[in-house]
Amino acid sequence: MSNSVSVLFGGNPLNLAGNEIKVGDIAPEFTVVGNDLKPVTLSQFKGKNKIISIFPSIDTPVCAVQNRIFNKRIAELENTVVLSISVALPFAQSRFCGAEGLENVISLSDYKNGSFGKAYGLKFVDDPL
């Protein structure tokens, strides 16, 4: 079901579009871009437990901390991957992960076609940036 939800960004309304995800739904398929610029799909991780970590930009302090924590914690879990998804360019994500030594999270970018954002109801309709 397609939705249009309004959330606040910096105190201003921001409209989101896409499919609303509810507890118990099967995670929708999506195609994002890996740091090597190749397409990556959710189905590529079939058979693994998946944690989908989303954030706006790797170059913000809160988002950086989020990725550092997931990188540390994921090493403690078997058969589990962290898909760390943002609209930041793959080059920025690769730079950050390399500089921070983040080898356990899989950084992915939804910059190209917004497939993840549309599938999960998180696509900006009016992009404030």
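All figures in this text were calculated on a predicted structure; none of them were measured in a lab. (Residues numbered from 1 in each chain as written. Predicted model: local features only at pLDDT ≥ 70, side-chain atom pairs only at ≥ 80, totals over all residues. Heavy atoms only, no water.)

Novice: Which parts of the structure should I look at to understand the overall build of the protein chain?
Specialist: Each helix and strand in the protein chain was counted, giving three helices and eight strands. N-terminal to C-terminal, the α/β element order of the protein chain is β-β-β-β-β-α-β-α-β-α-β. Reported as C-alpha extents along the three principal axes, the dimensions of the protein chain are approximately 35 × 30 × 25 Å. When each of the 129 residues of the protein chain is scored for burial, the buried share is 36%. The contacts in the protein chain between residues at least 6 apart in sequence include a share of 61% that link residues at least 24 apart. For the protein chain, the exposed surface amounts to about 7900 Å²; the carbon and sulfur share of it is 57%. (Helix = DSSP H or I, 4+ residues; strand = E, 2+ residues; numbered from the N terminus. Buried < 20%, exposed > 50% of the residue type's maximum accessible area, 1.4 Å probe, protein only. Contact = heavy atoms within 4.5 Å. Areas by Shrake-Rupley, 256 points an atom, 1.4 Å probe, with all protein chains shown as cover.)

Novice: Explanation requested: helix α1 (residues 61-74) in the structure shown.
Specialist: Over its 14 residues, α1 extends 20 Å from the first C-alpha to the last, a length consistent with the 20 Å expected when each residue adds 1.5 Å. For α1, the set of buried residues is Cys63, Ala64, Asn67, Asn71 and Ile74. Mapping the buried residues of α1 onto a view down its axis gives an arc of 110°, with all of them on the same face. Turned more than 90 degrees off the buried face of α1, the exposed positions are Pro61, Val62, Lys72 and Arg73. For α1, the secondary structure elements touched by its buried residues are β5 (49-54), β6 (80-86), α2 (90-100) and β7 (105-109). (Expected span 1.5 Å × (residues − 1). Arc of directions from axis to C-beta.)

Novice: When you look at the pairing of β5 in this model, what are you seeing that I'm missing?
Specialist: A regular strand places its side chains so that they alternate between the two faces of the sheet. Bridging between β5 and β6 involves six bridges; their strand directions are parallel. Bridge pairing in β6 places isoleucine 54 opposite isoleucine 85. Between the parallel pair β5 and β6, the chain is carried across by α1, and the sense of this crossover is right-handed. (Pairing = 2+ DSSP bridges. Right-handed = clockwise from strand over helix to strand, strands pointing away.)

Novice: What am I meant to see in the layout of surface pockets here?
Specialist: Regions of empty space are outlined by a rolling probe, equal in size to a water molecule, passed over the atoms. Space inside the largest pocket adds up to approximately 670 Å³. Around the largest pocket sit 25 residues that line it, and Phe55, Pro56, Val87, Leu122 and Phe124 are the ones nearest its centre. Mapped by element, the contributors of at least two residues to the lining of the largest pocket are β1 (2-9), β2 (12-19), β6, α3 (115-119) and β8 (123-124). Residue contributions to the lining of the largest pocket peak at three residues, all from β1. Broken down by class, the residue content of the lining of the largest pocket amounts to 17 nonpolar, five polar and three charged. (1 Å grid on protein atoms, 1.4 Å probe; cavity = no way out; pocket = protein on both sides within 12 Å on 5 of 7 lines; lining within 4 Å. Points joined across faces, edges and corners; volume = space filled by probe spheres on them. Nonpolar A, V, L, I, M, F, W, Y, C, P; charged D, E, K, R; others polar.)

Novice: Would you take a moment to explain the confidence of the model for the protein chain for this structure?
Specialist: In low-pLDDT segments, the atomic positions of the prediction should not be examined closely. Of all residues in the protein chain, 95% have pLDDT values of 70 or greater, and the mean over the chain is 86. The least confident element of the protein chain, judged by mean pLDDT, is β1 at 68; the most confident is strand β4 (residues 39-41) at 97. (pLDDT = per-residue confidence, 0-100.)

Novice: Please clarify how the environment of threonine 60 should be interpreted in this entry.
Specialist: Tracing the backbone shows threonine 60 in the loop between β5 and α1. Relative accessible area serves as the criterion here: at 31%, threonine 60 is assigned to the partly exposed category. Along the chain, threonine 60 and asparagine 71 lie 11 residues apart, while their C-alpha atoms are 17 Å from each other.

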